[in-house]
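Observations on the model geometry
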Amino acid sequence: NAGVMQNPRHLVRRRGQEARLRCSPMKGHSHVYWYRQLPEEGLKFMVYLQKENIIDESGMPKERFSAEFPKEGPSILRIQQVVRGDSAAYFCASSPQTGVDTIYFGEGSWLTVV
Amino acid sequence: AQRVTQPEKLLSVFKGAPVELKCNYSYSGSPELFWYVQYSRQRLQLLLRHISRESIKGFTADLNKGETSFHLKKPFAQEEDSAMYYCALSPHMNRDDKIIFGKGTRLHILP
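Here's a quick rundown of the structure. (Residues numbered from 1 in each chain as written. Chains lettered and ligands numbered in written order. Predicted model: local features only at pLDDT ≥ 70, side-chain atom pairs only at ≥ 80, totals over all residues. Heavy atoms only, no water.)

**Some words on the overall build of chain A**
For chain A, the count of helices and strands is zero helices and 11 strands. Counting from the amino terminus, chain A carries its helices and strands in the arrangement β-β-β-β-β-β-β-β-β-β-β. Compactness check: chain A gives a C-alpha radius of gyration of 13 Å against a globular reference of 13 Å for 114 residues, within 12% of the reference. Along the longest, intermediate and shortest principal axes, the C-alpha atoms of chain A span 40 × 25 × 25 Å. In chain A, which comprises 114 residues, the proportion classed as buried is 47%. Intrachain contacts of chain A at a sequence separation of at least 6 include 52% that bridge at least 24 residues. A total of about 5600 Å² of accessible surface is found on chain A, and carbon and sulfur atoms cover 46% of it. Counting 15 positive and 12 negative side-chain charges, chain A places the averaged centre of each group 7 Å from the other. (Helix = DSSP H or I, 4+ residues; strand = E, 2+ residues; numbered from the N terminus. Rg over C-alpha atoms; globule rule 2.2 N^0.38 Å. Buried < 20%, exposed > 50% of the residue type's maximum accessible area, 1.4 Å probe, protein only. Contact = heavy atoms within 4.5 Å. Areas by Shrake-Rupley, 256 points an atom, 1.4 Å probe, with all protein chains shown as cover. Lys, Arg positive; Asp, Glu negative; His and termini not counted. Charge placed at Lys NZ, Arg CZ, Asp CG, Glu CD.)

Structure follows, in structure tokens:
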């Protein structure tokens, strides 16, 4: 089991460009979480998805940010028209559908906006 | 409302001294509680979970339902324990309730 895979690991974007971050959950996992971690700060919840469904997006900024988890392929976190304040580490985590369990994190994607 | 509270943003402890990272929770049902650790610029890793009742890297945590706490403890701190620690609550059987993390406590072990 390859674990939660995130790519790219590092991404540099100029202000105004778009950033796309991808997350492939662990095999057998149907639920994905996205978190943002600003430098020297804690983890902030963004969105919780299952395939083709957003369960909870209460942590997503109202504009420029969107997330999806299609039936086939990875989950994608999309940030349009990036600004310097978007520079952060974005972590994805996944969990299985049922049972008493925990969530498993990817290595993170570090976005730098210049 | 479901909530996980870690009151300390930063905790500095001398090497060899005891460590206690506080975690309190608010949940109406029977949650699962976890501690995650994040070493510098790495992924979060599961440290321990209350149902396992195990000790990992010398750390233990006991669920106290009366005080709704799940404090993380270690009798003798080591320099390699310096990291960010997150307490988390899983809603157990209701899969549409997300896992909730505290804001984290940065543990700094002083030489």
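Back to the text.
**Concerning the sheet that holds strand β8 (residues 72-74) of chain B**
Strands sit in the order β3-β8-β7 (chain B) across an open sheet of three strands; the sheet is antiparallel. Only two strands of the sheet have a single neighbouring strand rather than two, namely β3 (19-21) and β7 (60-61) of chain B. (Pairing = 2+ DSSP bridges.)

**Describing the nonpolar core**
Counting 26 residues, the largest nonpolar core has B:Trp35, B:Leu72 and B:Tyr85 as its most contacted members. Elements that contribute at least two residues to this core include exactly β2 (10-14), β3, β5 (32-38), β6 (45-49), β9 (83-90) and β11 (105-110) of chain B. Discounting chain neighbours no more than four positions away, the residues touching B:Leu72 are B:Val19, B:Glu20, B:Leu21, B:Trp35, B:Leu47, B:Leu48, B:Phe59, B:Thr60, B:Ala61 and B:Tyr85. Of all hydrophobic cores here, the second largest spans 23 residues; its members include A:Met26, A:Leu49, A:Phe65 and A:Tyr90. (Core = buried A, V, L, I, M, F, W, Y, C linked by side-chain atoms within 4.5 Å.)

**Thoughts on the pattern of salt bridges**
With the rule as written, the count across this model stands at nine salt bridges over all chains. Notably, a salt bridge pairs A:Glu41 with B:Lys9, separated by 3.8 Å at the nearest N-O pair. Residue A:Glu41 is located in the loop between β4 (31-37) and β5 (43-50), and its partner B:Lys9 is located in the loop between β1 (3-5) and β2; the two belong to separate chains. Under the relative-accessibility criterion, B:Lys9 is labelled exposed at 57%. Where A:Glu107 meets B:Arg43, a salt bridge forms, and the shortest distance between an N and an O atom there is 2.7 Å. Residue A:Glu107 is found in the loop between β10 (104-105) and β11 (109-113), and its partner B:Arg43 is found in the loop between β5 and β6; the two belong to separate chains. B:Arg43 gets classed as partly exposed once you look at its relative accessible area, which sits at 23%. The network of salt bridges with shared partners includes A:Glu18, A:Arg20 and A:Arg78. (Salt bridge = Lys/Arg side-chain N within 4 Å of Asp/Glu carboxyl O.)

**Here's the deal with the state of the cysteines**
Residues and elements named next belong to chain B. Going through the model one piece at a time under the given rule, you end up with two disulfides over all chains. Disulfide pairing is shown between Cys23 and Cys87; the S-S distance is 2.0 Å. As the torsion about the S-S bond is roughly -65 degrees, the Cys23-Cys87 disulfide counts as left-handed. Remark: Cys87 occurs in strand β9 and Cys23 occurs in the loop between β3 and β4 (24-26); sequence separation between them is 64 residues. Cys23 sits in the buried class, given a relative accessible area of 0%. (Disulfide = S-S within 2.5 Å.)

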